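# Descriptive structure summary
Residue-level listing of the chains:
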Amino acid sequence: MAKTKVQSPKSKVQSPKPVLTSPPFNPIAHGLSDDDFKHGKVCTTRWTADARYAYDRGVAIGRYLAGLKQGKILAVRCGRCERIMVPPRAFCELCFKPIDGWTEVADTGVVNTFSLCYVTWDVRRIKEPLIPAVIEIDGASPGMGIMHLLGGVDPGKVHRDMKVRAVWKPEAEREGAITDILYWKPV
Amino acid sequence: MGNRVAIVGVGMTKFVRRALETGKELSWLASKAALDSCGMTMNQIDSVVMGTAPDTFDGVHMKGEYLSDGAGGFGKPYMRGFVGGGTGVFSVAQGWYHVASGMFDTCLVVCEEKMSTFQPHAQAAFLTIFDHTTERPLKPNLLWIFALEMNRYMTTYGLKKEDIARVAVKNKNNALDHPAAQIAAPVTVEDVLNSEVLAWPVQRLDVSPVSDGAVAVILANESVARRVTDKPVWVEGCGWALDTAYWTNRDLCYPRYVEEAARMAYKMAGVTDPRHQIHVAEPYDPFDYKELHHMEGLMLCGRGEAPQLTVDGVTARDGELPVCPSGGLLGVGNPIAAAGLMKIAELFWQLRGEAGKRQIARKAKRGVAQAWGDLMQVGTVVVLGV
């Protein structure tokens, strides 16, 4: 059988040499180190995708974004389950019927849950954490949250159920996007 | 329901951070090992199911077709299944209905993942799971949703990070006895708590790694199974369920979709009291809190009770309800679809009493494996028994 290369232990979390008294017996796969790959010790080919997309905003989200441009958070209502839903949608996914109307909800809410994120998507460190949160919007049905960012707050002081208010971009700079709300700060 | 279906053979590759082998080669190694484990050959296989995660990882359009030769799919009824992270366990459900329906006597189920191809980091392959208009402009990364869910779980039940860290400690130590393991390590609770903070409350050692690897299992109907092996492991039940993609409208403290999938599988298996009728469990553990979350969704304990069971040692290999005796994704590794099927392989060895140093102390006649994925919304469950 092929000789399997056990990766050299660089830190405590690297695997020690496994004990071959349990199944699977002699599992194969040639483990490469990052260096083998980066320094071209193994043959590789590279290709970079250049895929571009133009997403349509949709009937419901389009109106939601138009509301944001005016500094309003819009929600939809279903007459059957009586939920007031945000983000808005063209149909109620629970009752599987068209929604029954639009309503404006508050630009305040409570923090359902949050995180203090110290890395970018490609796992590079950032110093000041981003604070993503699920914010339950006042005026919508209980538990109806949106994902957004918290700001203007000491990261150590953020807690669940904290009351927050949207901080809007100046009206002239709004473009009808979720980023028309800069972040949410404690009330 | 349907014809009886058994697992008669399993095989797997090592799980590594970056494999020299291509996905096709990994699939071949796992498939060959599975066939050899029960003395079967490819011409005894009637159908092939391939489980593998997004095409984005590989940058290969129609990746299932690309991989098919490695799974012996050529000239056979072949199909790829993909339900995100839930794929590995779902693929057995998919193979099960191929055979249970009577259409095929046998089915080779192969799950492969090669996450290392994607540059610079596989995490970016997941970024488009967020809504393109209402979420992606906020530049989210995948860790956010897990951190948000973990924090909701912790604050709902007043849990401490130390309680959750014990899962990582248990699984990484369990994996020391797994010959295919990628990141087995004798870590302690302190190591986990002192590891780098990624997206609080998620720290480095709370998370499973990026991996390459493949696993294969062979399913057979009863007459073939009885000829091939003295110890068939029966697929007693399977279930799957999906929750809404409006994930910010759900209560993230409880995986309702896992419960729905489990109820479907338990009903088929005749399990009415999972706490006593399930003897060993392999819930999906890409993060340490997910094992706890999923134990609750599988109704192996009450809501918010799973951390205490871990603290009390109930879920250890010598405990009353061993959980992830393999070492799980946290210890063996997480090549997405293959990781789920690795759990099925572990139950196969455990229920046959062949797990060697990993063999659990208690007698086990029935086990459950579960996987999870997408925007925290899919649950897939398989109950196996002897």
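Residues numbered from 1 in each chain as written. Chains lettered and ligands numbered in written order. Predicted model: local features only at pLDDT ≥ 70, side-chain atom pairs only at ≥ 80, totals over all residues.

## Looking at the overall build of chain A
Definition in use: The way it works is that DSSP assigns letters per residue, a run of H or I at least four long becomes a helix, a run of E at least two long becomes a strand, and they are numbered from the N terminus. Exposed residues have 12 or fewer other C-beta atoms within 10 Å of their own C-beta, buried residues have 20 or more, and partly exposed residues fall in between, where C-beta atoms are placed from the backbone. Whether two residues are in contact depends on their C-beta atoms, placed from the backbone: they are in contact if these lie within 7 Å.
The helix and strand tally for chain A stands at two helices and 11 strands. Along its sequence from the N terminus, chain A presents helices and strands in the succession α-α-β-β-β-β-β-β-β-β-β-β-β. A burial count over chain A gives 30% of its 187 residues as buried. Looking at chain A alone, contacts between residues at least 24 apart form 50% of all its contacts between residues at least 6 apart.

## Describing the interface of chain B and chain A
Here is the rule we go by: When residue character is reported, Ala, Val, Leu, Ile, Met, Phe, Trp, Tyr, Cys and Pro are called nonpolar, Asp, Glu, Lys and Arg charged, and the others, Gly included, polar. A pair of strands is considered paired only if DSSP assigns at least 2 bridges between the two.
Chain B puts 64 residues into the contact, and the matching count from chain A is 53 residues. Considering every element that reaches the side of chain B that touches chain A, the biggest residue donor is helix α5 (residues 142-157) of chain B, with seven residues. A class-by-class count of the residues in the side of chain B that touches chain A yields 33 nonpolar, 18 polar and 13 charged. Two elements, strand β7 (residues 116-119) of chain A and strand β5 (residues 197-200) of chain B, share two bridges in a ladder whose sense is antiparallel. From the neighbouring strand, A:Cys117 faces β5(B), where its bridge partner is B:Ala199.

## Topic: the nonpolar core
Residues and elements named next belong to chain B. Just so we agree on the cut-off: Connectivity within a nonpolar core runs through C-beta atoms within 7 Å, and the core itself is a set of buried Ala, Val, Leu, Ile, Met, Phe, Trp, Tyr and Cys residues.
Within the largest apolar cluster, 175 residues are counted, with the highest numbers of intra-cluster contacts made by Ile7, Ala216, Val217 and Val382. It is helix α14 (residues 336-352) that provides the largest number of residues to this core, a total of 12 residues. Contact partners of Val382, with chain neighbours within four places excluded, come to Val89, Val92, Ala93, Val235, Cys238, Ala265, Ile344 and Ala369.

## Points about the sheet that holds strand β11 (residues 378-385) of chain B
Residues and elements named next belong to chain B. For the record, the criterion: To get an axis, fit a line to the C-alpha atoms, keeping to the stretch in contact for a helix; angles then go from 0 to 180 degrees between the N-to-C directions.
Pairing is mixed in the open sheet, where nine strands are placed in the order β3-β2-β4-β7-β1-β8-β11-β10-β9. The sheet is open, and its two borders are formed by β3 (78-81) and β9 (280-282), each paired with just one other strand. The mean inter-strand angle of the sheet, taken between neighbouring strand axes irrespective of direction, is 25°. Pairing analysis gives five bridges linking strand β2 (residues 47-51) to strand β4 (residues 106-114), with the strands arranged parallel. Pairing of Gly51 across the sheet is with Cys111, part of β4.

## Quick word on helix α6 (residues 161-174) of chain B
Residues and elements named next belong to chain B. Filter applied, for reference: Here a helix's expected span is defined as the number of its residues, less one, multiplied by 1.5 Å.
Helix length check: α6 (14 residues) gives 20 Å between terminal C-alpha atoms against 20 Å at 1.5 Å per residue, within 8%. For α6, the tally of buried residues reaches 11 of 14 residues, placing the bulk of the element in the interior. Every buried residue belonging to α6 is among Asp163, Ile164, Ala165, Arg166, Val167, Ala168, Val169, Lys170, Asn171, Lys172 and Asn174, and all of these are buried. Taken together, the buried residues of α6 touch α7 (189-194), α11 (288-297), α12 (306-311) and α13 (328-331).

## Looking at α5(B)
Spanning 16 residues, α5(B) covers 24 Å between terminal C-alpha atoms, matching the ideal 22 Å at 1.5 Å per step. Taken across its 16 residues, α5(B) has 12 buried, putting it largely inside the fold. Looking at α5(B), one finds that the buried residues are B:Leu143, B:Trp144, B:Ile145, B:Phe146, B:Ala147, B:Leu148, B:Glu149, B:Met150, B:Asn151, B:Arg152, B:Tyr153 and B:Met154. Looking at the buried residues of α5(B), the elements they touch are β6 (108-114), β7 and β8 (125-137) of chain A together with β5, β6 (202-203) and α11 of chain B. Directly beyond the C-terminal end of α5(B), a positive phi value near 60° is found at B:Gly158.

## Remarks on the confidence of the model for chain A
Going by this rule: pLDDT expresses, on a scale from 0 to 100, how confident the predictor is about each individual residue.
Here chain A averages 90 in pLDDT, and 89% of its residues register 70 or above. Here residues 1-14 of chain A is a poorly scored stretch, pLDDT under 50, and it has 23 contacts once near neighbours within four places are set aside; other chains count.

## Quick look at the sheet that holds strand β5 (residues 101-105) of chain A
Residues and elements named next belong to chain A. Spatially, three strands are ordered β2-β1-β5 in an open sheet, and the strand pairing comes out antiparallel. Lying at the two open borders of the sheet, with one neighbouring strand each, are β2 (84-85) and β5. Looking at chain direction, strand β1 (residues 73-77) and β2 are connected through two bridges and run antiparallel. Bridging across to β2, Arg77 finds its partner in Ile84.

## Some words on the packing of helix α4 (residues 87-100) of chain B against α14(B)
Residues and elements named next belong to chain B. Where α4 contacts α14, the two axes come as close as 6 Å, and the packing angle between them is 60°. Contacts between α4 and α14 pair Thr87, Gly88, Val89, Ser91 and Val92 from the former with Ile336, Ala337, Ala338, Ala339, Gly340, Leu341, Lys343 and Ile344 from the latter. The residue makeup of the contact of α4 with α14, split by class, is eight nonpolar, four polar and one charged.

## What to know about unusual backbone geometry
For the peptide bond that leads from A:Pro23 to A:Pro24, omega is -5°, which places it in the cis range. Cis geometry marks the peptide bond from A:Val86 to A:Pro87, where omega comes out at 0°. Positioned with a positive phi, B:Asp374 is a non-glycine residue whose angle comes to about 60°. Following the sequence through the fold, B:Asp374 ends up in the loop between β10 (366-373) and β11. Residue B:Asp374 is classed as partly exposed on the basis of its C-beta count, with 18 C-beta atoms lying within 10 Å.

## Comments concerning the environment of A:Cys117
With respect to the helices and strands, the residue A:Cys117 is situated in strand β7. For A:Cys117, a count of 25 C-beta atoms within 10 Å puts it in the buried group. For A:Cys117 and A:Glu128, which are 11 residues apart along the polypeptide, the C-alpha to C-alpha distance reads 8.6 Å. What A:Cys117 contacts, discounting residues up to four positions off in sequence, is A:Pro129, A:Leu130, A:Pro132, B:Leu143, B:Trp144, B:Ala147 and B:Ala199.

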